[in-house]
Amino acid sequence: MTDLVILASSSPRRQMFFKNLGIDFKTCVPDVDESVQENENAIDYVLRMAKSKALKIASLYKDNVVVAADTIVVLDNKILGKPKDRNDAFLMIKSLSNKTHQVITAVSVTKGDIEKTFYEITYVTFANLSDELIRDYVSTGESDDKSGSYALQGIGASLIKEVRGSVSSVVGLPVCQTREVLESFNIFAKLGAIHE
C-alpha cells in the first residue's frame, strides 16, 4: 500500500490546497467528455463529472487513493461554463451582476472498490457592476478559462459582495470536507509540512 495520492486535476488551485495539507501527491489529468447530457440538472452533472474523472484515473492507479473534483457556476438553474472569448466573459459577468448564484463543487475519492463522492454548494453574490468595471476586469485576462468567467482568489474578489458557504470550494476544492474524507481512507494531512 502506498500513501501517494493521485490528484486527477491540472488545476493549480487544487494542487496548492494539497501542498498546504502536506499530502504526498502527483497529478494525472483525466480525459473525459464534459458535455452536459439532455435534461441533466446541475448537481447530477457535477457529481457525474467528478466520479468519471476519478474512475478514469483509478483504472490506471488501482493501489492509490484518487481524488477528482469538478466545479460549476450556476445561475437560474443554468450552468455557466468557461467563456468562449472575452466578449462571452463580459456577457457572463454582466448576467451575474447584482445577483446571487451558486458554485457547486463535487469531489470523488476512490480506491479499489471504495468510492465516496460528495458536493458542496456555495452562494456567491456579486455587487452591482458597471459595464466599464466589467470590461476592465475582463481585460486583465483573469476571466479566461474560468467557469463563470471569474476567479474569487484573484482580482475577481473585488466584484463579490458576499459569499455564503465554503470559500475554498469556490476556488475549486472544499478543503475541510476533502480532508475529512481522505482521513476515512487513512490519508492524513500534515499541516504546515511545506512551511519551515
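Residues numbered from 1 in each chain as written. Predicted model: local features only at pLDDT ≥ 70, side-chain atom pairs only at ≥ 80, totals over all residues. Heavy atoms only, no water.

(A) Inspection of the pattern of salt bridges at higher detail. Applying the stated criterion across every chain, the model contains nine salt bridges. Note that Arg-48 and Glu-40 form a salt bridge whose closest N and O atoms lie 2.7 Å from each other. Take Arg-48: its relative accessible area is 21%, and that puts it in the partly exposed class. Put simply, Asp-145 and Lys-82 hold a salt bridge, and the shortest N to O gap is 3.7 Å. Residue Asp-145 is located in the loop between α4 (131-139) and β7 (160-164), and its partner Lys-82 is located in the loop between β4 (78-80) and α3 (86-96); the two are separated by 63 residues in the primary sequence. What makes Asp-145 exposed here is its relative accessible area of 55%. Here Lys-82 falls in the partly exposed class, since its relative accessible area comes to 49%. (Salt bridge = Lys/Arg side-chain N within 4 Å of Asp/Glu carboxyl O. Buried < 20%, exposed > 50% of the residue type's maximum accessible area, 1.4 Å probe, protein only. Helix = DSSP H or I, 4+ residues; strand = E, 2+ residues; numbered from the N terminus.)

(B) Inspection of the nonpolar core at higher detail. Formed by 41 residues in total, the largest nonpolar core has its most connected members in Phe-18, Val-67, Phe-126 and Tyr-150. When residues of this core are assigned to their parent elements, the largest contribution, five residues, is made by α3. Those residues in contact with Phe-126 that sit more than four places away from it in its chain are Ile-93, Leu-96, Ser-97, Asn-98, Lys-99, His-101, Tyr-150, Leu-159, Ile-160 and Lys-161. Counting ten residues, the second-largest nonpolar core is a separate cluster that includes Ala-42, Leu-47, Val-74 and Ile-104. (Core = buried A, V, L, I, M, F, W, Y, C linked by side-chain atoms within 4.5 Å. Contact = heavy atoms within 4.5 Å.)

(C) Up close: helix α1 (residues 12-21). What α1 keeps buried is the set Arg-14, Gln-15, Phe-17, Phe-18 and Leu-21. Down the axis of α1, the sector holding all buried residues measures 155 degrees, keeping them to one side. Next to the buried residues of α1 lie β1 (5-7), β2 (25-27), β3 (66-75), α5 (167-171) and α6 (175-184). Near the N-terminus of α1, the side chain that reaches the backbone nitrogen of Arg-13, with its oxygen 3.2 Å away, is that of Ser-11. One or two positions beyond α1, positive phi appears at Gly-22, with a value near 70 degrees. (Arc of directions from axis to C-beta. Polar contact = N/O pair within 3.5 Å; in protein donor to acceptor, adjacent residues only side chain to side chain.)

(D) Inspection of the pairing of β3 at higher detail. The element β3 is extensively covered by neighbouring structure, given that ten of its ten residues are classed as buried. The alternating pattern of β3 places Val-66, Ala-68, Asp-70, Ile-72 and Val-74 and Val-67, Ala-69, Thr-71, Val-73 and Leu-75 on opposite faces, both of which are buried. When β1 meets β3, the two strands line up parallel, connected through two bridges. For Leu-7, the partnering residue across the bridge sits in β3 and is Val-67. Bridge count between β3 and strand β5 (residues 100-111): nine bridges; the pairing is antiparallel. Bridging across to β5, Val-74 finds its partner in Gln-102. Note that β3 and β4 share three bridges and pair antiparallel. Its bridge partner lying in β4, Val-73 is registered against Leu-80. (Pairing = 2+ DSSP bridges.)

(E) Seen up close, the environment of Gln-15. Looking at the element boundaries, Gln-15 is found in helix α1. With sequence-adjacent residues up to four places away left out, Gln-15 is seen in contact with Leu-7, Ser-9, Ser-10, Phe-25 and Thr-27. Of note is the side chain of Gln-15, whose polar atom sits 3.4 Å from the backbone oxygen of Ser-10.

(F) The arrangement of the packing of aromatic side chains in detail. For the structure shown, the criterion picks out two aromatic pairs. Ring plane angle 70 degrees and centroid distance 5.4 Å describe the contact between Phe-18 and Phe-25, whose orientation is recorded as edge-to-face. Accessibility classification places Phe-18 together with Phe-25 in one group, the buried group. Taking 4.9 Å as the distance between ring centres and 75 degrees as the angle between the ring planes, the aromatic pair formed by Phe-126 and Tyr-150 counts as edge-to-face. With Phe-126 in strand β6 (residues 114-126) and Tyr-150 in the loop between α4 and β7, the pair connects residues that are 24 residues apart, well separated along the chain. Like Phe-126, the residue Tyr-150 is buried in the burial classification. (Phe/Tyr/Trp six-rings, centres within 6.5 Å; stacked < 30°, edge-to-face > 60°.)

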